[in-house]
Amino acid sequence: MEKKILFAFTVLVFSLLRAAEVDSIAARVGDKAILKSEILNDMRMMALGDDSYEMMRAKAIERQLILKAAEESKLALQEWAVDNRINEIVAANFDGDRNKLMQALTQRRMSMAEWRAKMREDMICSAMRWQAVDKNVTVSPSAMRQEYMKHPEKYVQKHKVSVSVILLSPQNASKKDEVSASLKKMSFGEAARRYSSDSHAKSGGKWVDVVPEEVFNDDVCKEIARMPKGTISKWIEIDGWCFMLRKDDETSAKNLTFSEAYEQIRMNVIKDKTQDLYKKWIDRLKGRTYIKIY
């Protein structure tokens with residue numbers, strides 16, 4: 001009997017130690033402890049690998065710093081605002097059905113109360129970030145001009161083409177002659193809609209303004225490169241699949257002018273300034289808060 005009690009006690013202690021290992025403290029921000037299990041759960045929900053642990057721990061620390069700053073500033077967030085945000089999420093992501101939301105939370109092993117609390121914290125963090133960072137980001141013409149001159153490689157229009165494709169699967173490769181003959185009686189688009197296995201077949205096989213290297217096989221890219229605009233290729237066979245192409249249009253690569261790249265430049269300047277202000281803000285919060293990483 002004593003041996004059974006001793007064994008049970010040993011198993012209990014081992015189980016508690018195992019739980020403590022899984023739920024060990026990852027970091028402490030002021031009097032708030034961030035558990036390792038919380039970080040691992042966030043990683044799981046975002047489908048991140050083990051190499052993302054330190055990044056997610058840093059984000060969790062920043063989140064607690066912001067929440068602490070919100071508490072110190074006595075930021076008030078009305079519950080009706082949280083309700084409205086939840087209603088928006090349910091409408092946009094769950095077809096307006098709260099039961100679907102509850103099912104999703106069950107799969108995540110999260111209660112509605114826990115999710116609501118997290119949603120509330122998210123809104124607080126967003127409000128704090130707006131006050132400290134986003135509303136203070138300004139973009140001057142000189143900063144945009146400096147960005148454009150400093151990083152010309154960012155503002156390049158890639159070589160693009162518009163092509164129409166007829167793709168025959170290995171099972172339908174024997175229809176090549178039939179398709180070729182049909183092009184004497186119908187348009188390329190009609191033939192694509194009738195015969196093609198390509199994902200764009202319903203639109204007549206059209207691939208509009210694409211960078212060839214980002215979409216097509218090397219052999220197809222080589223064929224596109226030597227085709228004059230408006231011409232139709234011979235059949236190209238790759239691993240049993242058969243391609244026929246029509247080159248509809250082509251735009252050469254070029255450096256964009258300042259006015260052509262204006263919106264892209266503006267967004268990049270906003271992004272850089274936002275990141276800089278955010279880092280300085282977080283550094284200030286860190287400077288006045290006790291932080292320990294385990």
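Everything below is about the structure shown above.
Criteria and cut-off values
Going along each chain's sequence as written, the residues are numbered from 1 onward. With pLDDT at 70 or above as the cut-off, local features in this predicted model cover only qualifying residues; side-chain atom pairs require 80 or more to be listed or tallied, and sums for whole chains, interfaces and linings still use all residues. Excluded from the side-chain calculations are hydrogens and water; all other atoms, namely the structure's heavy atoms, are used. Exposure classes here rest on a 1.4 Å probe applied to the protein chains alone. A residue is buried below 20% of its type maximum, exposed above 50%, and partly exposed in between. Strands here mean DSSP runs of E at least two residues long; helices mean DSSP runs of H or I at least four residues long; both are numbered from the N terminus. To qualify as a nonpolar core, a set must consist of buried Ala, Val, Leu, Ile, Met, Phe, Trp, Tyr and Cys residues joined through side-chain atoms within 4.5 Å. Throughout, a contact is declared for two residues whenever any of their heavy atoms are within 4.5 Å. Any two strands with at least two DSSP bridges between them are considered paired. Axis definition: a line fitted to C-alpha atoms, over the contacting stretch in the case of helices. Angles run 0 to 180 degrees between N-to-C directions.

Asks: Would you mind going over unusual backbone geometry with me for this structure?
Replies: Comment: phi is negative for the bulk of residues other than glycine, and the bulk of peptide bonds are trans. Phi at Ala47 takes a positive value of approximately 55°, unusual for a residue other than glycine. The class for Ala47 is exposed, based on a relative accessible area of 68%. At Asp239, a position not held by glycine, the phi torsion is positive, near 50°. Along the chain, Asp239 turns up in the loop between β6 (236-238) and β7 (241-251). For Asp239, a relative accessible area of 74% puts it in the exposed group.

Asks: Please explain the nonpolar core as it appears in this structure.
Replies: Considering soluble globular proteins, one finds that nonpolar side chains tend to be buried as a cluster. Of all hydrophobic cores here, the largest spans 37 residues; its most connected members are Ile39, Ile66, Trp115 and Trp281. Where this core is concerned, the elements lending two or more residues are β1 (25-29), α2 (36-45), α3 (53-72), α4 (79-93), α5 (98-107), α6 (112-132) and α12 (262-287). Of all the elements, α3 adds the most residues to this core, at nine residues. Those residues in contact with Ile39 that sit more than four places away from it in its chain are Ala26, Ile34, Tyr53, Met56, Arg57 and Ala60. Phe216, Val220, Met227 and Phe243 belong to the second-largest nonpolar core, a separate cluster that totals 15 residues.

Asks: Could you clarify how one ought to interpret the environment of Lys160 in this entry?
Replies: Tracing the chain through its elements places Lys160 in strand β4 (residues 160-168). Assessed through its relative accessible area of 29%, Lys160 is described here as partly exposed. Setting aside residues no more than four positions away along its own chain, Lys160 makes contact with Asp209, Val210, Val211, Glu250 and Thr251.

Asks: What should I look at first to understand the sheet that holds strand β2 (residues 32-35) in this one?
Replies: Within a sheet, neighbouring strands are paired by backbone hydrogen bonds and run either parallel or antiparallel to one another. Pairing is antiparallel across the open sheet formed by three strands, whose spatial order is β2-β1-β9. Each end of this open sheet is capped by a strand with a single partner; those strands are β2 and β9 (291-293). For this sheet, the mean inter-axis angle between neighbouring strands, taken without regard to orientation, is 20°. Both β1 and β9 contribute to a ladder of three bridges, which runs antiparallel. Bridge pairing links Val29 to Ile291 in β9.

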